[in-house]
Amino acid sequence: MAQYRMDWQGQKLAEQLMQIMLLAFAVIAFVSGYVMASFKMMVLIYAVGVVLTTLLTVPNWPFYNRHALIWLDPSEAEKHPKPQPSANVTQKKKPVKK
């Protein structure tokens, strides 16, 4: 089985889908519970919405990995030295007296 890792845009999409779906199911559940005068039906509809939202947003589905990050190969990373802090950055400036 292929390994899918959620990228940054996929995380944003999952978060937005979760918020939209939970809000939509909350409104639908409230309205239907009010019309039917049934608290039990309201809770049941919202619970179904939570389960569907969880099934859609929690697993790492392939469509959450459309913008995969390309990491530098470790052997290639060793060829490029890490940047060193310059001497000017480490020194503190003297306070100006007025």
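Residues numbered from 1 in each chain as written. Predicted model: local features only at pLDDT ≥ 70, side-chain atom pairs only at ≥ 80, totals over all residues. Heavy atoms only, no water.

### A word on the overall build of the protein chain
Reasoning step 1: Counting its secondary structure elements, the protein chain contains four helices and zero strands.
Reasoning step 2: In sequence order, the protein chain lays out its α and β elements as α-α-α-α.
Reasoning step 3: Evaluated residue by residue, the protein chain yields a buried proportion of 12% over its 98 residues.
Reasoning step 4: In the structure as shown, the protein chain presents an accessible area of about 9,000 Å², 67% of it carried by carbon and sulfur atoms. (Helix = DSSP H or I, 4+ residues; strand = E, 2+ residues; numbered from the N terminus. Buried < 20%, exposed > 50% of the residue type's maximum accessible area, 1.4 Å probe, protein only. Areas by Shrake-Rupley, 256 points an atom, 1.4 Å probe, with all protein chains shown as cover.)

### Side note on the side chain of Ser32
Reasoning step 1: In this fold, Ser32 is placed in helix α1 (residues 8–36).
Reasoning step 2: Separated by 2.8 Å, the side chain of Ser32 and the backbone oxygen of Ile28 make a polar contact. (Polar contact = N/O pair within 3.5 Å; in protein donor to acceptor, adjacent residues only side chain to side chain.)

### Structural notes on the packing of α1 against helix α2 (residues 39–57)
Reasoning step 1: Relative orientation of the contacting elements α1 and α2 amounts to 165 degrees, with a least axis distance of 8 Å. The angle between α1 and α2 falls in the class roughly antiparallel. Regarding α1 and α2, the two cross each other, and that crossing is right-handed.
Reasoning step 2: Split by residue class, the contact of α1 with α2 holds 18 nonpolar, five polar and no charged. (Axes fitted to C-alpha atoms, helices over the stretch in contact; angles between N-to-C directions. Parallel < 35°, antiparallel > 145°, perpendicular 65-115°, else oblique. Left-handed = near helix turned anticlockwise from the far one by under 90°. Nonpolar A, V, L, I, M, F, W, Y, C, P; charged D, E, K, R; others polar.)

### Some words on the side chain of Thr57
Reasoning step 1: Locating Thr57 in the fold gives a position in helix α2.
Reasoning step 2: One polar contact links the side chain of Thr57 to the main-chain carbonyl oxygen of Thr53, over a distance of 2.7 Å.
Reasoning step 3: Ignoring anything within four residues of it in the chain, the contact list for Thr57 reads Met6, Ala14, Leu17, Met18 and Tyr64. (Contact = heavy atoms within 4.5 Å.)

### Side note on the UniProt feature "transmembrane region" (unreviewed entry) in the protein chain
Reasoning step 1: In this numbering, the UniProt entry assigns the feature "transmembrane region" (unreviewed entry) to residues 20–37 and 43–64.
Reasoning step 2: Segment residues 20–37 splits into 94% helix and 0% strand. End C-alpha atoms: 25 Å apart.
Reasoning step 3: Structurally, residues 43–64 comprises 68% helix and 0% strand, and the distance from its first C-alpha atom to its last is 30 Å. (UniProt positions renumbered as here; feature names shortened; annotations may be inferred.)

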